[in-house]
Every structure is written in C-alpha cells, then in structure tokens.
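Structure assessment
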Amino acid sequence: MTTHPAEHRPVRVGVQLAPQHASYSRIRDAICRAEDLGVDAIFNWDHFFPLTEPLEAEHYEAWTMLASIAELTERVEFGPLVNCSSYRNPDLQADMARTVDHISAKGGTGRLIFGTGSGWAEKDYLEYGYEFGTVGSRLNDLRHDLGRIRRRWELLDPAPTRDIPILIGGQGEQKTLRLVAEHAAIWHTFTPIEKIPHKLDVLHDWCARVGRDPADIEIATGFTPRGFGPLLEQDALERLHPLGVRFIIPSIDGPDYDLSPVKPLLEWRDRMNGA
C-alpha cells in the first residue's frame, strides 16, 4: 500500500468557515473564535452563491474576506479553499495574494496560503459572465495561470514576504495531480480513504517525472457541509495518518458556526504531535 512520506510533518487542523447563511458580523466572530480555539489555519471558499440550502441567501466574496481575515488574526495561516482561477486575471491574482500576504505579516512573515483550483460551480460562471468551458479546458487554463502567477510574484515590488505556499484542490490523475507535482506545497483531496493509496501512486509518479520530491508536498483532506468526505467514515483519522495525511480541514457552516466538532480534532492533533 502506497503511503506518503510525512514523518517530518506535524499534524495540523484547519477549519473552513463557509461564507454563507450568516451576517459578516457572525463570520468575523467565528474567525476570532477559531483562532482562539487553536486551529492552525482558517479557510473560506471562492464562490458567489451559497452551495447548500437555502441557495438564495447571504453570501460573501472570497478575496475581500481574506483581507479581513489577515487583519483580524495574529497567528493562523489562512486562504481560499479554493480560489477559482477562472474568475480573475492571473497577474491580478498574484498581486492580490501578495497584498494580502503583506497585510497579514504585521511586521513579520505573511500567513496566506494560496489555495487554488480550476472551478466547477456553473451558476457562478453563468451569473457573472465567465465562460464555463469544460473540465479539461478549465484545467488547461489553471496550468497556464499558475505559471503566470508565480512569475508575477517574482516581479512585484515589494515581493511577497515568503514563498507563498500553493494549495491545489482536486484529484484528477492526468492534469490535476500533475499540477500538484509541478506547483503545490499542499494537495487537498476529497478522495475516499480506500482510494488514496492509488492517488498517491499517481502523484508520486508525476513527482518523479517532473523531478519533485513528494515529501515536499503536504497532504490535506476534510469534509464539507454538502455532506461528503473521508472524515465522515468511522475511524477515519486513524486510517488517514498512516497514509501520510497530515492536514485535516473540516468545514463549518453559518449562521451559528458551531466549532464544537473541531475540538476533538485538536485533541487528536495534540496527541499525535506529542504535545
């Protein structure tokens, strides 16, 4: 069974705060509570409409919210899970990410994780006037965009405060995992646990082809309010850790943003890390 080299990595626990079904004052409160609780990272998502019922309800834009998170927090890393590359010019994305990185630095090093993907929510595209294309065309665009984003980071003045880590979400074997091998510091997947070893085989093969050490890539997973994902399975944490999964990111929905499901994950993290 293929496992991922992760002996050098601690377990981390993040939380995705779905930017829907709540006033921004409630979202702001949830951000602060999550950091106080001790999570390692806070994520939103990049959509224009709610993903769960009610579909016609409050919702907020991702990148302006990320600037808010940068100011509200002091310790946690944060980012979109994930940015839709189709929605913004790639050079603009690079500039936005660099700016949010500096906002979060507060005299030190920035904390932004540049989570990105090719997009999938057709309503976002149609309502906002973007060309939807196909899964393949969107992934081709993402590959082109990632190259431009990384080049723009090298040109900006001031430069980012650090080598901004790129998180790529998805599990496609021909294109997505190749992009992970080429660009990502973190791979986020909703792959069922029993299929993760095969996906790791594919990722490791792509790493070999592009000359990348797979140990440089952190493996992340979680579950969403849409009700799927490895963490819904019994004994999932104990099955994920030996595979090399080190970053667990549950998603919490509004309006109440009940963080109680995160507490046992943090206790497990601390046990695994020997805290």
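Residue indices begin from 1 for each chain and proceed along its sequence in written order. Reporting of local features is limited, given that this is a predicted model, to residues whose pLDDT is at least 70; pairs of side-chain atoms are given and counted only at 80 or more, and all residues count toward the totals for whole chains, interfaces and linings. To obtain the side-chain values, all non-hydrogen atoms of the structure were included, while hydrogens and water were left out.

1. With respect to the nonpolar core
Ranked by size, the top nonpolar core spans 62 residues in total, and within it V15, L17, I42 and W153 carry the most contacts. Listed in part, the nine residues of the second largest apolar core include I113, L167, F247 and I249. Residues belong to one nonpolar core when they are buried, are Ala, Val, Leu, Ile, Met, Phe, Trp, Tyr or Cys, and are joined through side-chain atoms within 4.5 Å. Throughout this description, buried means an accessible area under 20% of the type-specific maximum (1.4 Å probe, protein chains only), exposed means over 50%, and partly exposed covers the range between.

2. A closer look at the pattern of salt bridges
Any carboxyl oxygen of Asp or Glu within 4 Å of a side-chain nitrogen of Lys or Arg constitutes a salt bridge here. With the rule as written, the count across this model stands at 18 salt bridges. Where R88 meets E61, a salt bridge forms, and the shortest distance between an N and an O atom there is 2.8 Å. Of this pair, R88 sits in the loop between β4 (83-84) and α3 (90-105) while E61 sits in the loop between β2 (41-44) and α2 (62-72), placing them 27 residues apart in sequence. A relative accessible area of 12% places R88 in the buried class. What makes E61 partly exposed here is its relative accessible area of 27%. One salt-bridge network, in which partners are shared between bridges, spans R12, E77, R162 and E218. Counting from the N terminus, the helices are the DSSP runs of H or I reaching at least four residues and the strands are the DSSP runs of E reaching at least two.

3. Description of unusual backbone geometry
Here the bond from L81 into V82 is cis, since omega is 0 degrees, no more than 30 degrees from zero. In this fold, V82 is placed in the loop between β3 (77-80) and β4. The omega torsion across G254 and P255 is 5 degrees, close enough to zero to call that bond cis. A positive phi angle, close to 65 degrees, is found at H21, a residue other than glycine. For H21, the location among the structural elements is in the loop between β1 (12-17) and α1 (24-37).

4. Here we look at helix α7 (residues 196-210)
When the terminal C-alpha atoms of α7 are compared, their 21 Å separation across 15 residues agrees well with the 21 Å that a helix rising 1.5 Å per residue should span. Any two residues whose heavy atoms approach within 4.5 Å at even a single point are treated as in contact. Buried residues belonging to α7 abut α6 (176-183), β7 (186-189), β8 (218-223) and α8 (236-240). Once α7 ends, the next one or two residues include G211, with phi positive near 80 degrees. A helix is expected to span 1.5 Å for every residue after the first.

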